[in-house]
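Take a look at the letters that make up each chain.
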Amino acid sequence: GAVVSQHPSWVICKSGTSVKIECRSLDFQATTMFWYRQFPKQSLMLMATSNEGSKATYEQGVEKDKFLINHASLTLSTLTVTSAHPEDSSFYICSAIRGPSNQPQHFGDGTRLSIL
Amino acid sequence: QKEVEQDPGPLSVPEGAIVSLNCTYSNSAFQYFMWYRQYSRKGPELLMYTYSSGNKEDGRFTAQVDKSSKYISLFIRDSQPSDSATYLCAMSDSNYQLIWGAGTKLIIKP
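Computed from a prediction, not measured in an experiment: that's the story for all the values here.

A. The pairing of strand E3 (residues 19-25) of chain B, seen in detail. Residues and elements named next belong to chain B. Taking every second residue as pointing to the same face, the buried face of E3 carries Val19, Leu21, Cys23 and Tyr25, while none of Ser20, Asn22 and Thr24 on the other face is buried. Summarising the sheet, strand E1 (residues 4-5) and E3 pair through 2 bridges and their orientation is antiparallel. Across the sheet, Val4 pairs through a bridge with Tyr25, a residue of E3. Sheet topology places E3 next to strand E8 (residues 71-76); 6 bridges connect them, and they run antiparallel. Counterpart to Val19 in the pairing with E8 is Ile76.

B. The packing of aromatic side chains, seen in detail. Residues and elements named next belong to chain B. For the coordinates displayed, the defined rule picks out 10 aromatic pairs over all chains. Aromatic side chains Tyr25 and Phe30 sit 5.7 Å apart centroid to centroid with 55° between the ring planes, which places their arrangement in the tilted category. The exposure class of Tyr25 is buried, given its relative accessible area of 6%. For Phe30, a relative accessible area of 2% translates into the label buried. Ring centres of Tyr36 and Trp100 lie 5.3 Å apart, and the angle between their planes is 45°; this geometry places the pair in the tilted category. Of the two residues, Tyr36 sits in strand E4 (residues 32-38) while Trp100 sits in strand E10 (residues 99-100), which places them 64 residues apart along the sequence. Of the two residues, Tyr36 and Trp100, neither departs from the other in class, the shared state being buried.

C. Layout of the nonpolar core. Ranked by internal contacts, the top residues of the largest apolar core, which has 25 residues, are A:Trp35, A:Tyr58, A:Phe67, A:Ile69, A:Leu79, A:Tyr92 and A:Leu113. Contributing elements (two or more residues each) for this core: strand E2 (10-13), strand E3 (19-25), strand E4 (32-38), strand E5 (44-51), strand E7 (67-73), strand E8 (76-81), strand E9 (90-97) and strand E11 (111-115) of chain A. B:Val4, B:Met48, B:Ala63 and B:Leu74 belong to the second largest nonpolar core, which has 23 residues in total.

D. Seen up close, the sheet that holds strand E7 (residues 61-66) of chain B. Strand order across the open sheet formed by 5 strands is E1-E3-E8-E7-E6 (chain B), with antiparallel pairing between neighbours. The strands lining the two open edges of the sheet, one partner per strand, are E1 and strand E6 (54-58) of chain B.

E. Local environment of the state of the cysteines. All told, the structure shown has 2 disulfides over all chains when counted by the stated rule. The disulfide bridge from A:Cys23 ends at A:Cys94, spanning 2.0 Å between sulfur atoms. In this structure the cystine formed by A:Cys23 and A:Cys94 twists about its S-S bond by roughly 80°; its chirality is therefore right-handed. Remark: A:Cys94 occurs in strand E9 and A:Cys23 occurs in strand E3; sequence separation between them is 71 residues. Like A:Cys23, the residue A:Cys94 is buried in the burial classification. Bridging B:Cys23 to B:Cys89, the disulfide has an S-S length of 2.0 Å. Since a negative S-S torsion denotes a left-handed disulfide, the B:Cys23-B:Cys89 link at about -105° is left-handed. Remark: B:Cys89 occurs in strand E9 (residues 85-92) and B:Cys23 occurs in strand E3; sequence separation between them is 66 residues. Overall, the relative accessible area of 0% leaves B:Cys89 in the buried class.

What counts as what
- Residues numbered from 1 in each chain as written.
- Chains lettered and ligands numbered in written order.
- Predicted model: local features only at pLDDT ≥ 70, side-chain atom pairs only at ≥ 80, totals over all residues.
- Heavy atoms only, no water.
- Buried < 20%, exposed > 50% of the residue type's maximum accessible area, 1.4 Å probe, protein only.
- Helix = DSSP H or I, 4+ residues; strand = E, 2+ residues; numbered from the N terminus.
- Pairing = 2+ DSSP bridges.
- Phe/Tyr/Trp six-rings, centres within 6.5 Å; stacked < 30°, edge-to-face > 60°.
- Core = buried A, V, L, I, M, F, W, Y, C linked by side-chain atoms within 4.5 Å.
- Disulfide = S-S within 2.5 Å.

This is the structure we're talking about:
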């Protein structure tokens, strides 16, 4: 099946620093990637939709300046959490669509972010 | 009322049993239906993908979609301890944005 790689898998950093998370589609080109946030024992919450070569579309309530998304190529999207604070601690997961938009999303293994 | 309803469980069954997981939904425009399996601290893994109504089988897994009742199911035959995970249903209309169920935690007892 389609492989989506996410890095790092776990990061701990101090409050106020910025953290970059990478999402790569390893065996296919993904024109659309998605970024989710998941709280413990809850379902996935869509943060933004990332389209290659254009600005990301953010969901209501998600701060664009806090969560910077860049989709620089057909195989790479990045999420940067700027000036992170403890309330940004969460599990962040990316996904990508292989082919037409009606195809299912394939997910990375997530990044556990802990802000001290 | 949520667009997609899924019992969070936990659902505990003995090894070898047939497992039935279900979701109901309210939006008749949904056309694409998916089941994902998620292990603790991992991303969701696609198990089944179905378009419109009908059945689909893949190994020990069978997905059913009944659009008239707005009800989807996932059956797992010969359940194994390694099937213990959270199972998430997801669906979408012609827009690719997924609407998720809450996830059902499944426990298979050896």
